[in-house]
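Spelled out, the chains give:
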Amino acid sequence: MLSRSASAPVATGRTRVLIADDEPLARRRLRVLIDRHPDFEIVAECVDGLDAMAKLQSSMPDVAFIDVQMPGSDGVTVARSITGAHSPVIVFVTAFEEYAIEAFGVRAVDYVLKPF
């Protein structure tokens, strides 16, 4: 399980976003959509589940867009690994609708189907 450290990043007043997706085009599309909103700041991008687990702990995002199927560890396992006082809002992004029930079981607030 990932736990949060006591030291938080410097507050910028912006919503901190993590993107975790193994598909470069999907990450790019999310970046483009998020960059349109000045109140959002992308603090980390991850290409697999293990990287996502590490960066969730180190970057402490407010929102995490997580692909369901990634190498290293799937997105549901990544979401289950989050513990501690600071847990991000989780939005799953995937091409597979059959994981929706499981995704909402790990506190997802939304489940967005690709392409978006």
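A brief structural summary. (Residues numbered from 1 in each chain as written. Predicted model: local features only at pLDDT ≥ 70, side-chain atom pairs only at ≥ 80, totals over all residues. Heavy atoms only, no water.)

This paragraph deals with the pairing of strand β3 (residues 63-67). With respect to burial, β3 is a largely interior element, 5 of its 5 residues being buried. With burial as the criterion, each face of β3 is covered, one bearing Val63, Phe65 and Asp67 and the other bearing Ala64 and Ile66. For strand β1 (residues 15-20) and β3, the ladder comprises 4 bridges, and the chain directions are parallel. Note on β3: the bridge partner recorded for valine 17 is valine 63. (Buried < 20%, exposed > 50% of the residue type's maximum accessible area, 1.4 Å probe, protein only. Helix = DSSP H or I, 4+ residues; strand = E, 2+ residues; numbered from the N terminus. Pairing = 2+ DSSP bridges.)

Moving on: the environment of serine 87. Inspection of the secondary structure puts serine 87 in the loop between α3 (75-80) and β4 (89-94). It is 8.0 Å that separates the C-alpha atoms of serine 87 and methionine 60, two residues lying 27 residues apart in sequence.

Glancing now at the environment of glutamate 23. With respect to the secondary-structure elements, glutamate 23 resides in the loop between β1 and α1 (24-35). Exposure remark for glutamate 23: the relative accessible area of 38% places this residue in the partly exposed category. Distance from glutamate 23 to cysteine 46, taken between C-alpha atoms, is 10.0 Å for residues 23 residues apart in sequence. Side-chain polar atoms of glutamate 23 contact the side chain of lysine 114, separated by 3.5 Å. (Polar contact = N/O pair within 3.5 Å; in protein donor to acceptor, adjacent residues only side chain to side chain.)

Mapped onto the fold, aspartate 67 is located in strand β3. Side chain to side chain, aspartate 67 and lysine 114 meet in a polar contact 3.5 Å long. Look past the residues within four positions of aspartate 67 in its chain and what remains in contact with it is Ala20, Asp21, Asp22, Gly75, Val93, Thr94 and Lys114. (Contact = heavy atoms within 4.5 Å.)

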